[in-house]
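Survey of secondary and tertiary structure
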Amino acid sequence: QLAQVPPFRLKGHEMAFRVQFTGEGAEGDNGPYRECISAACGDLESGAMGLLLPCPNATAGGNAPYQHTHIIRHSAASPSDIEMFALMGRLFGVAMRTKLPLDLHLNPLLWMRLVGQPPTSSHLDMVDAHAYRTFSDIAGGGGGDSWGHRG
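Treat the numbers as computed from the prediction; the structure is a model and nothing was measured.

**Points about the overall build of the chain**
Within the chain, the regular secondary structure consists of five helices and two strands. Ordering the α and β elements of the chain from the N terminus gives α-β-α-β-α-α-α. When each of the 151 residues of the chain is scored for burial, the buried share is 36%. Taking the intrachain contacts of the chain between residues at least 6 apart in sequence as the baseline, contacts between residues at least 24 apart amount to 46%. Total accessible area computed for the chain in this model is approximately 9,500 Å², and 55% of it derives from carbon and sulfur atoms.

In structure tokens, the structure reads:
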């Protein structure tokens, strides 16, 4: 339903929109609002929207870093996927304007790209430790800023 809300209505400082759960006697405005945002984050991480996937480290086991994080499903490029990404962007914007933290566990590499920080080859370890070790071994143990060159 957030997709149908006109953008100018999402500019509230306390709450960007009002939430009312049918058949529930929730008290106050903040509780249902926070529950709605939390449910949206849960839907994103569950794969229900088809935009996020657990990062490869999630299945690696052992001591691979950031196993609890998610990455964007790069094959999500259909018109409906693009609409869902726009909706995800609206959710991010609402959260920033209302200072409500999102309960999303996005991989640090994704955040780096969102803020324009260029990744280096060593950042691959944050997403896929196995691929990082493999490429590093192929490059002669590099693993610095570029394959084969120690940083």
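**Remarks on the confidence of the model for the chain**
Interpreting fine coordinate detail is not advised for predicted regions of low pLDDT. Mean pLDDT over the chain works out to 81, with 74% of the residues at or above the 70 mark. Here residues 147-151 is a poorly scored stretch, pLDDT under 50, and it has 14 contacts once near neighbours within four places are set aside; other chains count.

**Here's the deal with the packing of aromatic side chains**
Counted by the stated rule, this structure contains one aromatic pair. Centroid distance Phe92 to Trp111: 5.9 Å. Interplanar angle 25°. Geometry classified as stacked. Of the two residues, Phe92 is situated in helix α3 (residues 79-98) and Trp111 in helix α4 (residues 108-114); the sequence distance between them amounts to 19 residues. You can call Phe92 buried: its relative accessible area is 14%.

**Digging into helix α1 (residues 30-46)**
Compared with an ideal rise of 1.5 Å per residue, which puts 17 residues at 24 Å, α1 spans 24 Å between its outermost C-alpha atoms and is within 8% of the ideal. In this structure, the buried side of α1 is in contact with β1 (52-54), β2 (70-72) and α3. Directly beyond the C-terminal end of α1, a positive phi value near 90° is found at Gly47.

**Focus: the nonpolar core**
Ile37, Leu44, Leu51, Met88, Leu104 and Leu106 are the most contacted members of the largest nonpolar core, which totals 18 residues. Within the residue set of this core, elements represented by two or more residues are α1 and α3. Ranked by residues supplied to this core, first place goes to α3 with six residues. Those residues within four positions of Leu51 in sequence are excluded, and the remaining contacts are Leu44, Ile71, Ile72, Arg73, Ala76, Asp81, Met84, Phe85 and Met88. Residues Cys55, Leu109, Met112 and Met126 belong to the second largest nonpolar core, which totals six residues.

**What about the pattern of salt bridges?**
Using the criterion set out here, one finds one salt bridge in the structure. Put simply, Asp81 and Arg73 hold a salt bridge, and the shortest N to O gap is 3.5 Å.

**Observations regarding the side chain of Asp81**
Along the polypeptide, Asp81 turns up in helix α3. There is a polar contact of 3.2 Å between the side chain of Asp81 and the backbone nitrogen of Ala77. Excluding residues that lie within four positions of it along the chain, Asp81 makes contacts with Leu51, Arg73, Ser75 and Ala76.

**Describing the environment of Ser46**
Structurally, Ser46 is set in helix α1. Between the C-alpha atom of Ser46 and that of His70, which follows or precedes it by 24 residues, the distance is 10.0 Å. Here the side chain of Ser46 touches Asp43 through a polar contact of 2.9 Å, landing on its backbone oxygen.

**Considerations on the packing of α1 against α3**
Closest axis-to-axis distance for the α1/α3 pair is 12 Å, and the angle between their directions is 140°. Between α1 and α3, the crossing angle belongs to the class labelled oblique. Read as a crossing pair, α1 and α3 show a hand that is left-handed. Facing α1, whose interface residues are Tyr33, Ile37, Ala40, Cys41 and Leu44, α3 presents Met88, Leu91, Val94 and Thr98. Residues of the contact of α1 with α3, tallied by class, amount to eight nonpolar, one polar and no charged.

About the thresholds
- Residues numbered from 1 in each chain as written.
- Predicted model: local features only at pLDDT ≥ 70, side-chain atom pairs only at ≥ 80, totals over all residues.
- Heavy atoms only, no water.
- Helix = DSSP H or I, 4+ residues; strand = E, 2+ residues; numbered from the N terminus.
- Buried < 20%, exposed > 50% of the residue type's maximum accessible area, 1.4 Å probe, protein only.
- Contact = heavy atoms within 4.5 Å.
- Areas by Shrake-Rupley, 256 points an atom, 1.4 Å probe, with all protein chains shown as cover.
- pLDDT = per-residue confidence, 0-100.
- Phe/Tyr/Trp six-rings, centres within 6.5 Å; stacked < 30°, edge-to-face > 60°.
- Expected span 1.5 Å × (residues − 1).
- Core = buried A, V, L, I, M, F, W, Y, C linked by side-chain atoms within 4.5 Å.
- Salt bridge = Lys/Arg side-chain N within 4 Å of Asp/Glu carboxyl O.
- Polar contact = N/O pair within 3.5 Å; in protein donor to acceptor, adjacent residues only side chain to side chain.
- Axes fitted to C-alpha atoms, helices over the stretch in contact; angles between N-to-C directions.
- Parallel < 35°, antiparallel > 145°, perpendicular 65-115°, else oblique.
- Left-handed = near helix turned anticlockwise from the far one by under 90°.
- Nonpolar A, V, L, I, M, F, W, Y, C, P; charged D, E, K, R; others polar.

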